[in-house]
Amino acid sequence: MLRHSENQVLLRKVVRDFVEQEIAPMAHKIDEEDTCPVELFQKTAQLGFNGVFVPAEYGGAGLGYTEMAIVLEEIGRHSAGLAVGLVAHYMGVYAIMTWGSDEQKQKYLPLLCSGSFGGLSITEPGGGSDFAGQKTIGQPVGGEWILNGRKCFITNSHCMGVNVLTARTGEDDKGRPQISAFIIEGDTPGHKPGRKEKKAGLRGSYTGEIILDNVRLPQENLLGKPGDGAKIGLGTLGEMGRGGTAAAALGIVRGCLEESVKYAKERIIYGKPLAKLTNIQFLIAQNRTDYEAARLLTYNAAGMKDAGKPCASELSIAKYFVVETAVKAAKRTMDLMGGYGVISDYPVNRYLRDAVAAIPACGTSHIMQVIIAGGELRK
Ligand SMILES: Cc1cc2nc3c(=O)[nH]c(=O)nc-3n(C[C@H](O)[C@H](O)[C@H](O)COP(=O)(O)OP(=O)(O)OC[C@H]3O[C@@H](n4cnc5c(N)ncnc54)[C@H](O)[C@@H]3O)c2cc1C
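The model shown is predicted, which means the values in this text are computed figures rather than measured ones. All residue numbers here refer to positions counted from 1 along the written sequence of the relevant chain. Since the coordinates come from a predicted model, pLDDT governs what is reported: local features require at least 70, and pairs of side-chain atoms require 80 or more to be given and counted, while whole-chain, interface and lining totals use all residues. Only hydrogens and water are set aside; all other atoms, that is, all heavy atoms of the structure, feed into the side-chain values.

Draft legend 1. Focus on the domain arrangement of the protein. Reported domain spans reflect what an automatic or database domain assignment gives. What the domain assignment lists for the protein is domain 1 (6-116), domain 2 (119-228) and domain 3 (231-377). One C-alpha centre belongs to domain 1, the other to domain 3; they are set 20 Å apart. At the junction of the two partners, domain 1 supplies 30 residues and domain 3 supplies 33 residues. Taken over both partners, the interface formed by domain 1 and domain 3 buries close to 2,500 Å², and the fraction arising from carbon and sulfur atoms is 60%. Accessible-area loss on putting two parts together, using a 1.4 Å probe and summing over both, is the definition of buried area adopted here. Summed over the three residues of domain 1 that lose the most area to domain 3, namely Glu-73, Arg-77 and Trp-99, the buried surface amounts to 29% of that side. Residues count as neighbours in contact if any of their non-hydrogen atoms are within 4.5 Å of one another.

Following this line, the structure appears as structure tokens:
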């Protein structure tokens, strides 16, 4: 049985109150106008959400991944786009917190906890799933690194304060690409946002290109050692991004459940509430069951991460199941609403667009299945 502590229950109430006051009233406008309300990110920083799992000595709230999931579920309940922006920020934070030197943590984590946007830049036009195929180059020249290349589909691309980015820095002794990770401040000369994508869903967070045009970085901006890029990039996606995306999508599943119940009670048909029809009750039962399963998987994986247990498979299972479930729950809820389901005054068609857009984020469902099956086959 999943049971949250008293403090976790209290945290959920604080986040929910904030979301209902500050985000829910804006959620439709954010989606319609396809903007990223950066001012909200300052408010979430003030409440301690931006560094929820960061130790207090670096300016964070000193909590864990379960608390992170609570924050993301609550924000995702009304704006999965904003929640995914926070997931990307958390990835940048996590990479520095986990692999940074003490100087790097002292320099960047307080900044990231107090309102500067973080992110993780891996994907390139040549393919996000093919990590080793990336072409961005980092060359060591005269004691510095010079970076050139182009990243795409990067969340927070147009508001990034601190970017953790991977680049090819040579070959290892077996001739395979050596990939390293760097910390780049957003205003570093040559580091600039490129094209901003118009997404079907998850509006509320920017997704776009990052151009690297002769970006010069001192040695101290290397994260970890040369060649640690795969460990850092894939580790961050696997250990942070997937659990975060699952939690954001869990908010969508809960949204579907709550909207289906509300609509079924309010809509009068044949002189009585829609909820009297048995098939409508079945749809609500499916939404409730899906939410319960998605919730258990999300918080089970987060709890394992908090306990320091290996949980790459559990995080991938949660991401795969919850995101795919969100798509099904949103479609089902639209069906329940008849014609009103497709009208944009109601939020449910946005939930469907958000859920579909969450499938590729942090690795597609196919990649999740490859990881999950790999874990089983290695046993
Ligand atoms: C909303 C959003 C936010 C994102 N944010 C970020 C971000 O912040 N940072 C970042 O670096 N990237 C980000 N991405 C990019 C995301 O990680 C990639 O889209 C994803 O990894 C897939 O890469 P691709 O789009 O190039 O598809 P491809 O890799 O070209 O995949 C195409 C198809 O092939 C399948 N496929 C590929 N390889 C395999 C395989 N080995 N086995 C089976 N099937 C396979 C895929 O499942 C897919 O169906 C974001 C994407 C989205 C949509």
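Now that the structure has been shown, we can carry on.
Draft legend 2. Molecular detail of the pattern of salt bridges. Any carboxyl oxygen of Asp or Glu that lies within 4 Å of a side-chain nitrogen of Lys or Arg is treated as forming a salt bridge with it. For the structure shown, the criterion picks out 28 salt bridges. One salt bridge in this structure joins Arg-288 and Glu-292, with 2.8 Å as the shortest N-O distance. Here Glu-292 and Arg-288 lie together in helix H8 (residues 278-306), a separation of four residues that amounts to about one turn. Burial classes: relative accessible area under 20% of the type maximum marks a residue as buried, over 50% as exposed, and values in between as partly exposed (1.4 Å probe, protein chains only). Given the relative accessible area of 42%, Arg-288 is considered partly exposed. Judged by relative accessible area, Glu-292 falls into the partly exposed class, the value being 25%. In DSSP terms, a helix is any run of H or I states spanning at least four residues, a strand is any run of E spanning at least two, and both are numbered starting from the N terminus.

Draft legend 3. The arrangement of the environment of Leu-315 in detail. Here Leu-315 lies in helix H9 (residues 312-336). Spatially, the C-alpha atom of Leu-315 lies 7.1 Å from that of Gly-238, the residues being 77 residues apart in sequence. Beyond its immediate sequence surroundings of up to four residues, Leu-315 is in contact with Gly-238, Glu-239, Arg-242, Gly-243 and Ala-301.

Draft legend 4. Expanded view of unusual backbone geometry. Residue Asn-214 is not a glycine yet carries a positive backbone phi of 50 degrees. We classify Asn-214 as partly exposed; its relative accessible area is 46%. A positive phi is found at Tyr-270, a non-glycine position, where the angle reads about 55 degrees. Along the chain, the position of Tyr-270 falls in the loop between strand E9 (268-269) and strand E10 (272-273). The exposed category is assigned to Tyr-270, whose relative accessible area is 66%.

Draft legend 5. Main features of empty space enclosed by the protein. Buriedness for pockets is judged along seven lines, at least five of which must meet protein on both sides within 12 Å for an open set on the 1 Å grid over protein atoms alone, while cavities are sets there where a 1.4 Å probe fits but cannot get out, and lining residues have an atom within 4 Å of a point. Grid points are joined across faces, edges and corners, and a volume is the space filled by probe spheres set on the points. Per the counting criterion, the structure on display carries four cavities of 30 Å³ or more. Counted as a void, the largest cavity has a volume near 140 Å³. Contributing to the lining of the largest cavity are 15 residues, with Leu-40, Phe-41, Thr-44, Leu-82 and Leu-86 lying nearest its centre. Mapped by element, the contributors of at least two residues to the lining of the largest cavity are helix H3 (38-46) and helix H5 (80-99). Tallying contributions element by element places H3 first for the lining of the largest cavity, with four residues. For the lining of the largest cavity, the two domains that each supply at least three residues are domain 1 (6-116) and domain 2 (119-228).

Draft legend 6. The layout of surface pockets, seen in detail. For the largest pocket, the calculated volume is near 1,000 Å³. Thr-123, Pro-360, Ala-361, Cys-362 and Gly-363 are the residues nearest the centre of the largest pocket, which is lined by 40 residues in total. At the level of elements, H5, strand E1 (117-121), strand E3 (144-155), helix H7 (229-266), H9 and helix H11 (365-377) are the ones that each hand at least two residues to the lining of the largest pocket. The element best represented in the lining of the largest pocket is H7, accounting for seven residues. In terms of residue class, the lining of the largest pocket is made up of 21 nonpolar, 14 polar and five charged. Ten residue types, Ala, Val, Leu, Ile, Met, Phe, Trp, Tyr, Cys and Pro, are classed as nonpolar, four, Asp, Glu, Lys and Arg, as charged, and the remainder, Gly among them, as polar.

Draft legend 7. Summary view of the site of the ligand. Taken together, 19 residues are adjacent to the ligand, and Thr-123, Gly-128, Ser-129, Thr-364 and His-366 come closest. Counting of polar contacts relies on pairs of N or O atoms within 3.5 Å, with two restrictions inside protein: one atom must be capable of donating a hydrogen and the other of accepting it, and residues adjacent in sequence are counted only when both atoms are side-chain atoms. One nitrogen or oxygen atom from the side chain of Ser-129 is found 2.6 Å from an oxygen atom belonging to the ligand. At a separation of 2.7 Å, an oxygen atom of the ligand approaches a polar side-chain atom of Thr-364. Each accessible area is a Shrake-Rupley result for a 1.4 Å probe, and residues are judged covered by the shown protein chains and nothing else. Relative to its unbound accessible surface of 970 Å², the ligand loses 67% to contact with the protein. Looking at the shell around the ligand, the elements with two or more residues in it are E1, E3 and H11. Class assignment of the residues belonging to the shell around the ligand gives a composition of 11 nonpolar, eight polar and no charged. Shared between two domains, the shell around the ligand takes at least three residues from each, and those domains are domain 2 (119-228) and domain 3 (231-377). Note on definitions. A residue lies near a molecule or strand when any single heavy atom of the residue is within 4 Å of it.

Draft legend 8. Examining helix H1 (residues 6-23) more closely. How far a helix is expected to stretch is found by multiplying one less than its residue total by 1.5 Å. For H1, spanning 18 residues, the distance from its first C-alpha to its last is 25 Å, which sits close to the expected 26 Å at 1.5 Å a residue. The complete set of buried residues in H1 reads Gln-8, Leu-11, Arg-12, Val-15, Phe-18, Val-19 and Ile-23. All buried residues of H1 lie within an arc of 135 degrees about the axis, which places them on one face of the element. Exposed residues lying more than 90 degrees from the buried face of H1 are Glu-6, Leu-10 and Gln-21. Taken together, the buried residues of H1 touch helix H2 (27-33), H3, helix H4 (65-78), H5, H7 and H8. Arc definition: it is the arc formed by the directions from the helix axis to the C-beta atoms.

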